[in-house]
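What the coordinates show
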Amino acid sequence: MDLFEYMANEKKEKEAPLAARLRPRTLDEVAGQQHIIGEGTLLARAIRADRLSSVIFYGPPGTGKTTLARVIANTTSAQFMQINATAAGKKDMEEVVRSAKEALGMYGKKTILFIDEIHRFNKAQQDYLLPFVEDGTLTLIGATTENPYFEVNSALISRSIIFELKPLSAEDIRGIIHKAVYDKERGMGMYDAVIDDDAEAFLADVANGDARHALNAIELGVLTTDRAEDGKIHITLEVAQQCIQKRALRYDKDGDNHYDTISAFIKSMRGSDPDAALYYLARMMAAGEEPEFIARRIMICASEDVGNADPNALRVAVNASLAAERLGWPESGIVLAQAATYVATAPKSNTAVEGIYAAQRLVEETGNLPIPPYLQDAHYPQSSKLGHGIGYEYAHEYEEHYSGQQYLPDDIRDEELYVPSQNGYEAQIRKHMAHLTKKKKYTEKEHLAPRPDHETD
């Protein structure tokens, strides 16, 4: 490195954003994550002993994934290389592998490769790395905001240790904010700024566990606020609110939080809590979730969790889906809210779902049992010679339009798959079916207009 390059790097470091300047350099400086880097933990011991194996750091933005990689870079004797999966191609990976082989062959030096946003690599790119991770040419550090078990090659997963980083606590972020304001070497201390306790608490709360979000707000506040009469820059609650316009939503429409939120939304409707359903609906709306995606989940819930306890729930959900598709945001929020609250407050029953699951298990266990001949198709010539349709009892020709004929195959004639609940409209269904069962068992069937060998399907 020549003098000009050294000076350029020094200037770049000094002018870097606050979040970059404050990035911890050692494990002791890292805030939070004590469950994986606390004293005596596996990762902490591996980093300090420079005995790191391949790892994947998984967690929300701003929780320290890249920070931990930089700490490892500062402490390891291995060659440390970094690429970003959003920009790197096969040529970049080939260069990394070439350099790693050279370092190992010529100097006996291992190479640690840090891949930021590793979930952005496609399967072929991940497969390319596998043999070099497997034979020790590369030690992999992957960072991802997505659940690696969904997004990362299972072969890479099996050769790595997964460490999940948690959102930072409000107290952790308050400590980072305090350092950001008063640290004269790497923070904003040279500006002679002060921050009020309520402003600090507010920023720590609304950052939602994302330290970078809080630091960006601090930097903006210090650089744009005029000095007061005492010569200091005061970060008040009002200034803090202006610098962070709304709570940071950790939500990626393709990510893990996306599924967590829709899961909470469905479970709130299933649990008959319309307030919680509206809350999670509002979170998805704020994050720009597709209205069609939300509508599909409401339709599923209407059938799976409400079912025949209120058959109208599915009609409301389907109509809301059609309306949402035509309206888009923000108007579709109105119809989705109507459908979600209807489904949430409707009586619940999942007996139809249990029934189809039981039927599927029965089919799997018994295979294709013979269908009773009188139920088989009789619409083609010569079918009667095979006995098809002979003996079929046309329900509408019997009292109450019920013949009591057996419809299940003989081997499973007594199976009961659908058992209506006592909830909502299903209570009426249950009463009606009980009446028909009693009629079948204890009364003689009365044929109103006999038509033997009726062949209507």
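Overview of the overall build of the protein
Tallying secondary structure elements over the protein gives 20 helices and seven strands in all. In the protein, which comprises 457 residues, the proportion classed as buried is 43%. In the protein, once contacts between residues fewer than 6 apart in sequence are set aside, the share between residues at least 24 apart is 73%. Summed over its atoms, the accessible surface of the protein is roughly 25,500 Å², and 52% of this surface lies on carbon and sulfur atoms.

As for the packing of helix 15 (residues 274-286) against helix 18 (residues 332-345)
Between helix 15 and helix 18, the least distance of the axes is 9 Å, while the angle of their chain directions is 150 degrees. Considering the angle they form, helix 15 stands roughly antiparallel to helix 18. Between helix 15 and helix 18 lies a crossing of right-handed hand. For the pair helix 15 and helix 18, the contacting residues are P274, L278, L281 and M285 in the first and G333, L336, A337, T341, A344 and T345 in the second. In terms of residue class, the contact of helix 15 with helix 18 is made up of seven nonpolar, three polar and no charged.

Re the packing of aromatic side chains
Per the stated rule, a full pass over the model turns up three aromatic pairs. Where Y279 meets Y280, the ring centres are 5.0 Å apart and the plane angle is 70 degrees; that geometry is what we call edge-to-face. Of the residues examined, Y280 reaches a relative accessible area of 22% and is grouped as partly exposed.

Some thoughts on the pattern of salt bridges
Summed over all chains, the structure comprises 13 salt bridges. Between R25 and E29 there is a salt bridge; the shortest N-O distance is 3.7 Å. A relative accessible area of 38% places R25 in the partly exposed class. What makes E29 partly exposed here is its relative accessible area of 30%. The salt bridge partner of E200 is R174, with a shortest N-O separation of 2.9 Å. Linking E200 in helix 11 (residues 197-206) with R174 in helix 10 (residues 170-182), this pair joins segments that are 26 residues apart in sequence. A residue is classified by how much of its surface remains accessible, and E200, at 8% relative accessible area, is buried.

Notes on the confidence of the model for the protein
When pLDDT drops low, the exact placement of atoms in the prediction is not to be read closely. Per-residue confidence for the protein gives a mean pLDDT of 83, with 87% of residues at or over 70. Note on residues 1-8: pLDDT is under 50 here. Beyond four places in sequence and across chains, it has two contacts. Per-residue pLDDT stays below 50 along residues 442-457; that stretch engages in 28 contacts with residues further than four places along the chain or on separate chains.

Looking at the sheet that holds strand 4 (residues 139-144)
Neighbouring strands of a sheet are bound in pairs by backbone hydrogen bonds; such pairs are parallel or else antiparallel. Spatially, the five strands line up as an open sheet ordered 2-3-4-1-5, and their pairing is parallel. What marks the edges here is a single partner per strand, and that holds for strand 2 (79-84) and strand 5 (161-164). Neighbour-to-neighbour, the strand axes of this sheet turn through a mean angle of 15 degrees, independent of strand direction. Pairing of strand 3 (residues 111-116) with strand 4, which is carried by five bridges, proceeds in the parallel orientation.

Section: a negative patch on the surface
A surface patch of negative charge is lined by E364, E365, D414 and E415. Relative to the helices and strands, D414 is located in the loop between helix 19 (351-366) and helix 20 (426-442).

Some details on unusual backbone geometry
What is expected of a backbone is that most residues other than glycine have negative phi and most peptide bonds are trans. The phi torsion at E117 lies on the positive side, around 55 degrees, for a residue other than glycine. By the secondary structure assignment, E117 is in the loop between strand 3 and helix 7 (123-134). A positive phi angle is found at S272, which is not glycine, with a value near 60 degrees. Here S272 shows up in the loop between helix 14 (256-270) and helix 15.

A closer look at the side chain of D210
Relative to the helices and strands, D210 resides in the loop between helix 11 and helix 12 (211-224). Ignoring sequence-local partners within four residues, the contact set of D210 consists of P61, G62 and I173.

Considerations on the packing of helix 10 against helix 11
Running from N to C, helix 10 and helix 11 cross one another at 125 degrees; their axes reach a closest spacing of 8 Å. Between helix 10 and helix 11, the crossing angle belongs to the class labelled oblique. When you trace helix 10 past helix 11, the crossing you get is right-handed. Residues A170, I173, R174, I177 and H178 of helix 10 form the contact with helix 11, whose own contacting residues are D197, E200, A201, L203 and A204. Looking at the contact of helix 10 with helix 11 residue by residue, the class counts come to six nonpolar, one polar and three charged.

Let's talk about the pairing of strand 1 (residues 55-58)
Side chains V55 and F57 project from strand 1 onto one buried face, and the interleaved I56 and Y58 project onto a second face that is buried too. Both strand 1 and strand 4 contribute to a ladder of four bridges, which runs parallel. Its bridge partner lying in strand 4, Y58 is registered against T144.

Re the side chain of T66
For T66, the position within the fold is in helix 5 (residues 65-75). T66 sits in the buried class, given a relative accessible area of 15%. Among residues more than four places away in sequence, those in contact with T66 are R23, F114 and D116.

Procedures and definitions
- Just so you know, the residues in each chain are numbered from 1, in the order the chain's sequence is written.
- Selection of residues for local features in this predicted model requires a pLDDT of at least 70, selection of side-chain atom pairs for listing and counting requires 80 or more, and totals for whole chains, interfaces and linings are taken over all residues.
- The basis for every side-chain value is the complete set of heavy atoms in the structure, and neither hydrogens nor water enter the calculation.
- Each helix is a run of H or I in the DSSP string that is no shorter than four residues. Each strand is a run of E no shorter than two, and both are numbered from the N terminus.
- Exposure classes here rest on a 1.4 Å probe applied to the protein chains alone. A residue is buried below 20% of its type maximum, exposed above 50%, and partly exposed in between.
- Should any heavy atoms of two residues lie within 4.5 Å, those residues are considered in contact.
- Throughout, the Shrake-Rupley method with a 1.4 Å probe supplies accessible areas, and for residues the shown protein chains are the sole cover considered.
- Here, axes are lines fitted to C-alpha atoms. For helices the fit covers the stretch in contact, and angles between N-to-C directions go from 0 to 180 degrees.
- Angle categories are assigned with fixed cut-offs, so that under 35 degrees is roughly parallel, over 145 is roughly antiparallel, 65 to 115 is roughly perpendicular, and the rest are oblique.
- For any pair of crossing helices, the crossing counts as left-handed if the nearer helix is rotated counterclockwise from the farther one by less than a right angle, and right-handed if it is rotated clockwise.
- For this scheme, ten residues count as nonpolar: Ala, Val, Leu, Ile, Met, Phe, Trp, Tyr, Cys and Pro. Four count as charged, namely Asp, Glu, Lys and Arg, and the remainder, Gly too, count as polar.
- For this analysis, a ring pair means two rings from Phe, Tyr or Trp (six-membered ring only for Trp) whose centres lie within 6.5 Å, classed as stacked if their planes differ by under 30 degrees, edge-to-face if by over 60, and tilted for the remaining angles.
- For salt bridges, the criterion is a side-chain nitrogen of Lys or Arg within 4 Å of an Asp or Glu carboxyl oxygen.
- The pLDDT value expresses, per residue, how confident the predictor is, ranging between 0 and 100.
- Strand pairing is defined by DSSP finding a minimum of two bridges between the two strands.
- Without a salt bridge and with relative accessible area above 30%, a residue can belong to a patch; like charges are then joined within 9 Å and nonpolar side chains (Val, Leu, Ile, Met, Phe, Trp, Tyr) within 5 Å.
- Just so you know, the count uses Lys and Arg for positive and Asp and Glu for negative, and it drops His and the chain ends.
- The location of each charge is read from NZ of Lys, CZ of Arg, CG of Asp or CD of Glu.

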